[in-house]
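# Report on the structure
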Amino acid sequence: MKVLVASALILVGSCSTLRHSEKIENLKDSISYDDKKIVEKYLNTINSEELKTHVEEISSEKYNGRMTGEKGHNEVCDYIRNYYKSQNIKAPESHPDYYQNVPKEVLPEGLNESQNVIAYIEGSEFPDEYIYIAAHSDHEGIIDGEIYPGADDNGSGTAAVFEMAEAFKKASEDGYNPKRSIVFLHVTAEEVGLHGSRYYTNNPVFPIENTISTLNIDMIGRVDERHKDDENYIYVIGSDRMSTELHFIVQEANSNFTSLSLDYKYNDDSDPNRYFYRSDHYNFAQKDIPVIFFFNGEHEDYTKPTDTADKINYQLLAERTKLIFATAWYLANSPDRLNPEII
């Protein structure tokens with residue numbers, strides 16, 4: 001009798017595993033780019049020279065390290081705003097100057113009020129569903145008389161958002177408007193505690209419950225020690241924590257368009273660096289929104305005055321930006337809304 005019971009349990013366990021395997025395979029098979037040539041056309045508008053122009057500007061010494069609430073950061077926010085104006089990418093109706101004021105009261109003591117910068121392209125079929133492409137615009141400012149330019153942290157992410165916004169705008173002008181709305185969000189006060197993104201998620205300009213996913217970009221222009229012999233990589237953090245489908249979408253985007261090595265080392269919740277909790281996507285995850293954090297890892301110039309624009313690998317920055325663009329394209333144009341479920 002005991003033998004029969006044990007055999008039955010093994011059979012049930014095997015069937016259960018098989019059903020899960022079938023679910024996974026069915027999900028993987030359902031994710032495909034039927035419009036691959038169209039995606040490639042606009043993905044290929046992302047180029048290293050334009051990225052370099054933006055990184056050099058954002059990390060320029062004239063902005064004094066972009067400390068939250070200081071003149072230099074305010075001027076960079078104005079540069080960001082003017083970029084969207086130049087591309088005819090509109091501001092939210094409720095914030096026609098592109099700025100969401102972040103009051104002094106919610107920031108650490110000693111900081112002045114600041115602002116998040118928000119632009120968006122309205123979806124053609126599901127305009128009330130939102131994909132966020134986010135990056136923080138602030139940095140360390142001046143410490144002991146030295147300017148911290150923050151070319152990688154996070155000039156690289158800011159420039160990447162610009163290039164993706166321009167690519168989506170070009171597609172829209174050619175008749176390929178995204179089905180869902182895409183929000184380009186530049187948050188303040190990341191370096192001092194993720195305050196800009198926390199303020200945004202607590203005071204959303206668009207309904208937070210209609211947010212499909214947030215793709216956060218924080219440092220994607222350099223190479224860390226772990227990959228010095230193979231630079232063709234990007235760390236992907238958080239993609240499988242709230243949506244199995246999102247995890248496979250970024251893999252499908254990569255296999256179709258970029259062939260980067262997707263490194264999940266820092267996605268492990270037991271990793272002592274705890275990067276999942278250390279950048280702006282985390283505040284969206286706290287609202288049950290599926291997120292991905294794209295990251296190149298720390299390097300010798302991380303949070304130092306030597307994080308300068310001349311050290312950025314612009315070809316690699318372009319490839320990583322293309323991966324994120326392709327991921328966002330799928331999320332925005334899939335006939336079905338992303339499933340926020342772990343299988």
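Placed above this text is the structure.
Keep in mind that this is a model prediction, so the values were computed, not measured.

What the protein contains, in helices and strands, is 9 helices and 10 strands. Scaling as 2.2 N^0.38, a compact globule of 343 residues should have a C-alpha radius of gyration of about 20 Å, and the protein matches this with 21 Å. Projected onto its principal axes, the C-alpha positions of the protein cover 80 × 45 × 40 Å. Here the protein holds 343 residues, and 55% of them are scored as buried. When the accessible surface of the protein is split by element, carbon and sulfur atoms take 46% of a total near 14,700 Å². Taken together, the 33 basic and 59 acidic charged side chains of the protein have centroids lying 3 Å from each other.

This part takes up the environment of Tyr 42. Here Tyr 42 shows up in helix 2 (residues 36-43). Those residues in contact with Tyr 42 that lie beyond four places of it in its chain are Ala 167, Lys 170, Ala 171, Asp 174, Tyr 176, Phe 325 and Trp 329. Polar contacts involving the side chain of Tyr 42 include one to the side chain of Asp 174, which spans 2.6 Å.

Attention shifts here to helix 7 (residues 244-257). An α-helical segment advances 3.6 residues per turn. Residues three or four places apart therefore align on the same side. Taking 1.5 Å per residue, 14 residues should reach 20 Å; helix 7 reaches 20 Å between its end C-alpha atoms and fits that length. Across the 14 residues that make up helix 7, a large majority, 11, are buried. Three or more residues of helix 7 are buried, namely Thr 244, Glu 245, Leu 246, His 247, Phe 248, Ile 249, Val 250, Ala 253, Asn 254, Asn 256 and Phe 257. The first or second residue beyond helix 7 is Ser 259, which carries a positive phi of 55°.

Read from one edge of the open sheet, 8 strands run 1-2-6-3-7-10-8-9, paired in mixed fashion. The sheet is open, and its two borders are formed by strand 1 (99-102) and strand 9 (261-263), each paired with just one other strand. Neighbouring strand axes in the sheet, compared pairwise and without regard to direction, differ in orientation by 25° on average. Strand direction decides the pairing type here: strand 8 (residues 233-237) and strand 9, joined by 3 bridges, are parallel. What sits directly across from Ile 234, in strand 9, is Leu 262.

On to the nonpolar core, then. Counting residues in each nonpolar core, the largest one holds 98 residues, and the members touching the most others are Tyr 84, Ile 133, Phe 168, Phe 184, Phe 206, Phe 294 and Phe 325. Per element, the largest residue contribution to this core is 13 residues, and it comes from helix 9 (residues 314-333). Not counting the four nearest positions on each side in its chain, Phe 206 is found in contact with Pro 92, Ile 118, Tyr 120, Tyr 130, Tyr 132, Val 183 and Tyr 200. Membership of the second largest hydrophobic core comes to 5 residues, among which are Val 102, Leu 107, Leu 111 and Tyr 199.

The next subject is the pattern of salt bridges. Following the criterion strictly, the structure yields 15 salt bridges and no others. The network of salt bridges with shared partners includes Glu 129, Arg 180 and Arg 337.

With that out of the way, let us pick up the pairing of strand 7 (residues 211-217). Within strand 7, 7 of the 7 residues are buried, which leaves the element mostly enclosed by the surrounding structure. In terms of strand pairing, strand 3 (residues 126-136) meets strand 7 through 5 bridges, oriented parallel. Within strand 7, the position partnered with Tyr 130 by the bridge is Thr 211. Pairing geometry for strand 7 and strand 10 (residues 291-295), over 4 bridges, is parallel. Residue pairing for strand 10: Asn 216 is matched across the bridge by Phe 293.

Moving on: unusual backbone geometry. The omega torsion of the bond from Asp 153 to Asn 154 falls at 5°, within 30 degrees of zero and hence cis. Its place among the elements puts Asn 154 in helix 5 (residues 151-173).

What follows concerns the packing of helix 3 (residues 48-58) against helix 9. At a closest axis distance of 9 Å, the pairing of helix 3 and helix 9 adopts a crossing angle of 105°. Our classification of the angle between helix 3 and helix 9 gives roughly perpendicular. On the side of helix 3, the interface is formed by Ser 48, Leu 51, Lys 52, Val 55 and Glu 56, while helix 9 contributes Tyr 314, Gln 315, Leu 317, Ala 318 and Thr 321. Residue classes in the contact of helix 3 with helix 9 are distributed as 5 nonpolar, 3 polar and 2 charged.

The rules we used
- Starting from 1, residues in each chain are numbered consecutively following that chain's sequence as written.
- Given that this is a predicted model, residues contribute local features only at a pLDDT of at least 70 and side-chain atom pairs are listed and counted only at 80 or more, while totals for whole chains, interfaces and linings are drawn from all residues.
- Side-chain descriptors were evaluated using all non-hydrogen atoms of the structure, hydrogens and water having been removed beforehand.
- Counting from the N terminus, the helices are DSSP H or I runs at least four residues long and the strands are E runs at least two residues long.
- When we talk radius of gyration, it's over C-alpha atoms, and the globule rule is simply 2.2 Å times the number of residues to the 0.38.
- For every residue, the accessible area (1.4 Å probe, protein chains only) is compared with the maximum for its type, and the residue is labelled buried under 20%, exposed over 50%, or partly exposed between those bounds.
- Shrake-Rupley sampling with a 1.4 Å probe provides the accessible areas, and residues are treated as covered by the protein chains on show and by no other component.
- Only four residue types enter the tally: Lys and Arg on the positive side, Asp and Glu on the negative side, with His and both chain ends excluded.
- Taken as the charge centre is NZ of Lys, CZ of Arg, CG of Asp or CD of Glu, depending on the residue.
- Contacts are assigned to residue pairs that have any heavy atoms within 4.5 Å of one another.
- Within 3.5 Å is the distance limit for a polar contact, defined as a pair of N or O atoms, with the added protein rule that one can donate a hydrogen and the other accept it, and that residues adjacent in sequence qualify only through two side-chain atoms.
- By this rule the span expected of a helix is its residue count minus one, scaled by 1.5 Å.
- Only strands that DSSP links by at least two bridges are regarded as paired with each other.
- Angular values range over 0 to 180 degrees, each being the angle between N-to-C directions of two axes fitted as lines to C-alpha atoms, with helices fitted over their stretch in contact.
- Buried residues of nine kinds, namely Ala, Val, Leu, Ile, Met, Phe, Trp, Tyr and Cys, make up a nonpolar core once their side-chain atoms join them within 4.5 Å.
- By salt bridge we mean one thing: a side-chain nitrogen of Lys or Arg within 4 Å of a carboxyl oxygen of Asp or Glu.
- Note on terminology: angles under 35 degrees are roughly parallel, angles over 145 are roughly antiparallel, angles of 65 to 115 are roughly perpendicular, and the others are oblique.
- Polar here means any residue other than Ala, Val, Leu, Ile, Met, Phe, Trp, Tyr, Cys and Pro, which are nonpolar, and Asp, Glu, Lys and Arg, which are charged; Gly is therefore polar.

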